[in-house]
Amino acid sequence: MPDDPASVLAPPVSQGLPTATVFLKPKRARPFFGRHPWVLDAAVMRVEGQPADGDVVDLATHDGTFIARGLWNAESRLRVRLFTFDSGVHLNAALWHQRLASAVGLRRSLGLDGRNRAARIVNSEGDGLSGLTVDRYADFLAVQVTSLAMANRLDIFCDSLQSLLEPKGILLRGAERGLAKLEGLHLIDRLLRGTAPPGPIFIEENGLQFGVDLEEGQKTGFYLDQRENRQAAAGLAKGRRVLDMFCYSGGFGVHCAVQGQASSVLAVDSSPKATALAKANADLNGAANMAVETADAFEKMDGLRAAGERFGMVILDPPKFARNRAAIDDALRAYHRINRLAVDLLEPGGVLVTCSCSGAVLRDDFLMMLSGVAQRSTRAIQILECKGAAADHPISASCLEGEYLKCIIAHVP
Ligand code: SAH
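*Asks:* Explanation requested: the sheet that holds strand β18 (residues 346–356) in the structure shown.
*Replies:* Taken together, the seven strands give an open sheet; going across it, the order is β16-β15-β14-β17-β18-β20-β19, and neighbouring strands pair in mixed fashion. Edge strands, defined here as strands with exactly one partner in the open sheet, are β16 (290–294) and β19 (382–387). On average, adjacent strands in this sheet sit at an angle of 15° to one another, irrespective of strand direction. Bridging between strand β15 (residues 264–269) and β16 involves five bridges; their strand directions are parallel. In the strand pairing of β16, L266 is matched with A291. Contacting β18, β19 and β20 (406–412), helix α12 (residues 363–377) crosses the sheet at an angle of about 25° to β20.

*Asks:* It is not clear to me how the nonpolar core should be interpreted in this structure. Could you clarify?
*Replies:* Soluble globular proteins: nonpolar side chains tend toward being buried together. In terms of nonpolar packing, the biggest core is built from 37 residues, with Y137, I203, V242, C256, M290, M313 and V353 touching the most fellow members. Here the element with the most residues in this core is helix α8 (residues 251–259); it accounts for four residues. When we break this core down by domain, the ones giving at least three residues each are domain 2 (93–194) and domain 3 (223–412). With sequence-adjacent residues up to four places away left out, C256 is seen in contact with A233, A234, A237, V242, Q261, A262, V265, M313 and I315. Of all hydrophobic cores here, the second largest spans 35 residues; its members include L304, F311, Y335 and L346.

*Asks:* I'm lost on the packing of aromatic side chains in this one. Help?
*Replies:* How two aromatic rings sit relative to each other is given by the distance of their centres and the angle of their planes. Taken as a whole and judged by the stated rule, the model has six aromatic pairs. Here the aromatic rings of F210 and F222 are separated by 5.2 Å at their centres, their planes lie at 45°, and the arrangement is tilted. Of this pair, F210 sits in strand β13 (residues 208–212) while F222 sits in the loop between β13 and α7 (227–234), and the two are 12 residues apart along the sequence. We note that F210, like F222, is buried. On the numbers, 5.4 Å between centres and 85° between planes, the contact of Y335 with F366 is edge-to-face. One end of the pair, Y335, is in helix α11 (residues 328–345); the other, F366, is in helix α12, with 31 residues separating them in the sequence. Y335 gets classed as buried once you look at its relative accessible area, which sits at 0%.

Rules behind the numbers
- Residues numbered from 1 in each chain as written.
- Predicted model: local features only at pLDDT ≥ 70, side-chain atom pairs only at ≥ 80, totals over all residues.
- Heavy atoms only, no water.
- Pairing = 2+ DSSP bridges.
- Helix = DSSP H or I, 4+ residues; strand = E, 2+ residues; numbered from the N terminus.
- Axes fitted to C-alpha atoms, helices over the stretch in contact; angles between N-to-C directions.
- Contact = heavy atoms within 4.5 Å.
- Core = buried A, V, L, I, M, F, W, Y, C linked by side-chain atoms within 4.5 Å.
- Buried < 20%, exposed > 50% of the residue type's maximum accessible area, 1.4 Å probe, protein only.
- Domains from an automatic or database assignment.
- Phe/Tyr/Trp six-rings, centres within 6.5 Å; stacked < 30°, edge-to-face > 60°.

Okay, structure coming up:
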């Protein structure tokens, strides 16, 4: 397979014509009549035609009734991703442009289109574009693809994004390594269009400024999904001593220190690159009451507890603890451990802001974990708000697997 699938854009790809029909096993069609976009290999009975990976295929019941149209990948367990349930709609450049235009229009209506704003412009299934995410950071776009079929169509997407948003540059950021492997994707970070940013990009979020490293940063550079949760945390931070654990570039901490008028903030991350960014962002916003430290969260919290330190607010935003369903029990144990430490560090009347970005850990599981922490710590935990990702990360009601971020804000008397 070529290193760069975009370089082999065959004519049928751009015209969006189906090259094969995929017949489902009997009794396996129901989720797709319910508009679920993922057809797993185990549901497929046979294929009529010889689709290349990334080709358009039709999906049919075992006896040949049309259900949907999607993109094929024999290398992935997710054999077909569906994009339309209307046989009159073709998966061609016009359709992709229409989907992107609708996604851009939604962000505009959310008020996220200011010049220096950052927003997720395309959220995969949530925008009817399974396998594609696009983040905008002021004048630049960062694109991630998690499906081979979307990688094949990068040129088409770039043309549309160029005409819709007129960015100075479009960068490709590699997908998570595990995901890429599952799809047989071999992509390297590179500039797709225009120019690369000259250095960090400065974006505005909730009236604060953040420097974003688009080329080297985690994810596509900034955790945009936490925008509204940072504001919610700041709203409760006044006069409190705040501990921002897993701070990355300081999003929560800076909000609490400046807008939230916290008495002080200690922000901690194990990555020196992250803490350098957090320190720079604290300085950029004049957060003189914010200290930043490079340390392991578990060790640091153990140490603080042993030293008898107490905080008025603890924020926990750890990395994904569960990469798949098999890892859920271990992940829940790890969540229990840090949340227990956080509760122990809270003074009476403290606020816990606790997040999980593991999609495999469901909201109910996460709440049950918190219930276990209340039991073991013998402290009451009053849940004030159950939040998720910001509105520019829509979740398709037909693909609830897209809900990954949980953010619970609780009062601990
Ligand atoms: N709260 C951040 C995002 C956090 S992402 C924001 O609002 O932008 C998770 C972070 O946890 C990453 O920055 C990663 O470097 C850090 N991390 C991972 N393992 C860690 C550990 N054991 N101790 C401390 N930080 C850790």
